[in-house]
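Remarks on the overall topology
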Amino acid sequence: MSKDNKYRANKIKREHTIIEDVLPLLENLSKLAIVKSIIPGRINRRGGSGIPPHLKLKYNTSSGVKVLAKNSSSVQEVFVVTDEPDQAMEVMKERKLVK
């Protein structure tokens, strides 16, 4: 196994922690053909609000799209790597994978 794939499962980089209940949402994103890779970033704690886990679309980046993964107690940056960020954002919205 190459070093590049050491922490990957279903296009999702698993080197860092993923906030509770968000992994299934990321797995749904990873099934899109337009998505090359998903890289979870840092986690920030926030006051509990009782909201269900969800993904919030933010903006295009140099390598794809930035999404925020949220649950009732945390928020996490997630970077979706794609060659076509505008099209990827549209597909994610159409399939109701993001808010």
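**Quick notes on the pairing of strand β4 (residues 54-61)**
Of the pairings in the sheet, the one linking β4 to strand β5 (residues 64-70) comprises seven bridges and is antiparallel in character. Residue pairing across strands places Tyr59 opposite Lys66, the latter belonging to β5. Taking the residues that link successive antiparallel strands as the turn, the β4-β5 hairpin has two residues.

**Some remarks on the pattern of salt bridges**
Counted according to the given criterion, the structure contains four salt bridges. Between Lys36 and Asp83 there is a salt bridge, with its nearest N and O atoms 3.2 Å apart. Placement of Lys36 in the loop between α1 (23-30) and β3 (37-45) and of Asp83 in the loop between β6 (74-81) and α2 (85-94) is noted, with a sequence separation of 47 residues between them. Judged by relative accessible area, which is 61%, Asp83 ranks as exposed. Here Arg42 makes a salt bridge to Glu77, at a shortest N to O gap of 3.9 Å. Placement of the pair is Arg42 in strand β3 and Glu77 in strand β6, with a sequence separation of 35 residues. Judged by relative accessible area, which is 54%, Arg42 ranks as exposed. When its relative accessible area of 15% is taken as the criterion, Glu77 is described as buried. Via salt bridges that share partners, Arg42, Lys66 and Glu77 belong to a single interconnected network.

Cut-offs applied
- Residues numbered from 1 in each chain as written.
- Predicted model: local features only at pLDDT ≥ 70, side-chain atom pairs only at ≥ 80, totals over all residues.
- Heavy atoms only, no water.
- Pairing = 2+ DSSP bridges.
- Helix = DSSP H or I, 4+ residues; strand = E, 2+ residues; numbered from the N terminus.
- Salt bridge = Lys/Arg side-chain N within 4 Å of Asp/Glu carboxyl O.
- Buried < 20%, exposed > 50% of the residue type's maximum accessible area, 1.4 Å probe, protein only.

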